Amino acid sequence: MLHKLPDGIEIYFELQGNLSAGSTIVFLNGLSQSTQSWLGVAPAFYTDHRIILLDLVFQGQSGTAPKFRTYDEHAADVFNLVGEHGRGKTVLCGISYGSAVAQHFLVNYPQKAESALLLSTFAHETVLFNEMGERWKVALAEGGYPKMLDVMLPDVLGKSYFINPIIPIETLKESRVARDLSAESLMQLMRATEVRGDYRNELKTIKASVIVAQGEEDVLIPPVVAKDVSDNIPGAEFIVIEKAGHTLNLEAIPQVVKILKRIVNSY
């Protein structure tokens, strides 16, 4: 389905699960992910919860904008969509890029989300993070998303995944490349992180109940960076998932489901 934002841009979303439920779980994708990235997680919540999967502007099947979206603007888009299609209590579950959007949502719209699970999250950039991002951009400019994916996968999959892959690496590459992601859209998405700055101080205003979960083997965003997020959100809990890298909605599906069930069963 398509939802028209106030500026006329349409974003793609799916309503799944129990549409009459009194709570809504909103899943927010990583940088190059789409709604399909939650196929291993979302079905575990179909019985008791209304599920919203969405592609942000510049992602998946959503539209594009004349200029890049800041994280605040992405959060406003999600707020607009949830205001029309959400029901009851709202839980946010975002990974990486989507977790940053979730942070801004929690800060800007404290009345709308009671709790959140932030996966592979960050509130400031490290030198290594920026260096990896520059390599991704160079690869994207030289060979589009297929070349970027070759450079990206060792950064976002843990070493344990390469030893024992859930989906063979070549099959994973083929399925990702088949999405034919726009190089320009990916560049625009990355701009949001480039202009964001250090967001740790803003996190101190969050009132929602938050769990931060990070992969032990995440080289893009090491656990210490995610712990900074947790330490700056009042009352937040920090969990390290063993033998997992950055892509937790692929590498650690049972663990993510278990943690998210703790959140949604707490009210």
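Scroll up for the structure.
Residues numbered from 1 in each chain as written. Predicted model: local features only at pLDDT ≥ 70, side-chain atom pairs only at ≥ 80, totals over all residues. Heavy atoms only, no water.

Draft legend 1. Quick look at the pattern of salt bridges. One pass over the full model with this rule turns up 13 salt bridges. Residues Arg69 and Asp7 are paired through a salt bridge, measuring 2.9 Å at the closest nitrogen-oxygen approach. With Arg69 in the loop between strand E4 (50-54) and helix H1 (71-85) and Asp7 in the loop between strand E1 (2-4) and strand E2 (10-17), this residue pair connects regions lying 62 residues apart in the sequence. Arg69 sits in the buried class, given a relative accessible area of 9%. Measuring nitrogen to oxygen at the nearest pair gives 3.0 Å for the salt bridge that ties Asp231 to Lys227. Of this pair, Asp231 and Lys227 both sit in helix H8 (residues 223-232), four residues apart, which is roughly one turn of the helix. (Salt bridge = Lys/Arg side-chain N within 4 Å of Asp/Glu carboxyl O. Helix = DSSP H or I, 4+ residues; strand = E, 2+ residues; numbered from the N terminus. Buried < 20%, exposed > 50% of the residue type's maximum accessible area, 1.4 Å probe, protein only.)

Draft legend 2. Looking closely at the packing of aromatic side chains. Following the criterion strictly, the structure yields six aromatic pairs and no others. Considering the side-chain rings of Phe79 and Tyr109, the 4.1 Å spacing of their centres and the 10 degrees angle between planes classify their relative orientation as stacked. In this pair, Phe79 is assigned in helix H1 and Tyr109 in the loop between helix H2 (97-108) and strand E6 (115-119), connecting sequence segments 30 residues apart. Stacked on the ring of Phe68, the Lys or Arg Arg191 has its end atom at 4.9 Å from the ring centre. Geometry around Tyr71 places Arg196 over its ring, the cationic atom sitting 5.2 Å from the centre. (Phe/Tyr/Trp six-rings, centres within 6.5 Å; stacked < 30°, edge-to-face > 60°. Lys NZ or Arg CZ within 6 Å of the ring centre and 35° of its normal.)

Draft legend 3. Focus on the nonpolar core. Judged by nonpolar contacts, the single largest core of 66 residues is most densely connected at Leu54, Val78, Met148 and Val210. Residue contributions to this core peak at 11 residues, all from helix H3 (residues 127-156). Those residues within four positions of Val78 in sequence are excluded, and the remaining contacts are Val26, Leu28, Leu54, Leu56, Val101 and Phe105. Counting 26 residues, the second largest nonpolar core, distinct from the first, contains Phe27, Cys93, Ile239 and Ile263. (Core = buried A, V, L, I, M, F, W, Y, C linked by side-chain atoms within 4.5 Å. Contact = heavy atoms within 4.5 Å.)

Draft legend 4. Focus on the side chain of Ser32. Tracing the backbone shows Ser32 in the loop between strand E3 (23-28) and E4. Accessibility expressed as a relative area gives 6% for Ser32, which makes it buried. In this structure the side chain of Ser32 is engaged in a polar contact, spanning 3.4 Å, whose partner is the side chain of Tyr145. Not counting residues within four places of it along the chain, the set of residues in contact with Ser32 comprises Tyr145, Met152, Arg176, Arg179, Leu181 and Leu186. (Polar contact = N/O pair within 3.5 Å; in protein donor to acceptor, adjacent residues only side chain to side chain.)

Draft legend 5. Broad picture of the pairing of E4. Across the five residues that make up E4, a large majority, five, are buried. On E4, burial covers both faces: Arg50, Ile52 and Leu54 on one face and Ile51 and Leu53 on the other are all buried. The sheet contact formed by E2 and E4 spans five bridges and is antiparallel. Within the sheet, the bridge partner assigned to Leu15 lies in E4 and is Ile52. Looking at chain direction, E3 and E4 are connected through five bridges and run parallel. Residue pairing across strands places Phe27 opposite Leu53, the latter belonging to E4. (Pairing = 2+ DSSP bridges.)

Draft legend 6. Seen up close, the packing of H1 against H2. At a closest axis distance of 8 Å, the pairing of H1 and H2 adopts a crossing angle of 75 degrees. The angle between the axes of H1 and H2 places the two elements in the roughly perpendicular class. Across the interface between the two elements, Tyr71, Asp72, His74, Ala75, Val78 and Phe79 from H1 touch Tyr97, Ala100, Val101, His104, Phe105 and Asn108 from H2. Taken together, the residues of the contact of H1 with H2 sort by class into eight nonpolar, three polar and one charged. (Axes fitted to C-alpha atoms, helices over the stretch in contact; angles between N-to-C directions. Parallel < 35°, antiparallel > 145°, perpendicular 65-115°, else oblique. Nonpolar A, V, L, I, M, F, W, Y, C, P; charged D, E, K, R; others polar.)

Draft legend 7. Representation of the sheet that holds E4 within the structure. Across the sheet, eight strands lie side by side as E1-E2-E4-E3-E5-E6-E7-E8; this open sheet has mixed pairing. Two strands bound the open sheet, and with one partner strand each, they are E1 and strand E8 (237-241). In this sheet, adjacent strand axes meet at a mean angle of 25 degrees when their direction is disregarded. Pairing geometry for E1 and E2, over three bridges, is antiparallel. Residue pairing in the sheet places Lys4 in a bridge with Glu10 of E2.

Draft legend 8. Just H3, in detail. Over its 30 residues, H3 extends only 16 Å from the first C-alpha to the last, a length that falls short of the 44 Å expected when each residue adds 1.5 Å. Considering bend angle alone, the principal kink of H3 is centred on Gly143 and spans about 140 degrees; proline Pro146 follows within four residues of it. (Expected span 1.5 Å × (residues − 1). Bend = angle between axes of the 7 residues up to and from the residue.)

Draft legend 9. How the structure looks around unusual backbone geometry. One non-glycine residue, Ser96, adopts positive backbone phi at about 55 degrees. Looking at the element boundaries, Ser96 is found in the loop between strand E5 (89-95) and H2. Take Ser96: its relative accessible area is 12%, and that puts it in the buried class. Backbone geometry at Lys243 places phi at a positive 55 degrees, although glycine is not the residue there. Position of Lys243 relative to the elements: it lies in the loop between E8 and helix H9 (248-251).

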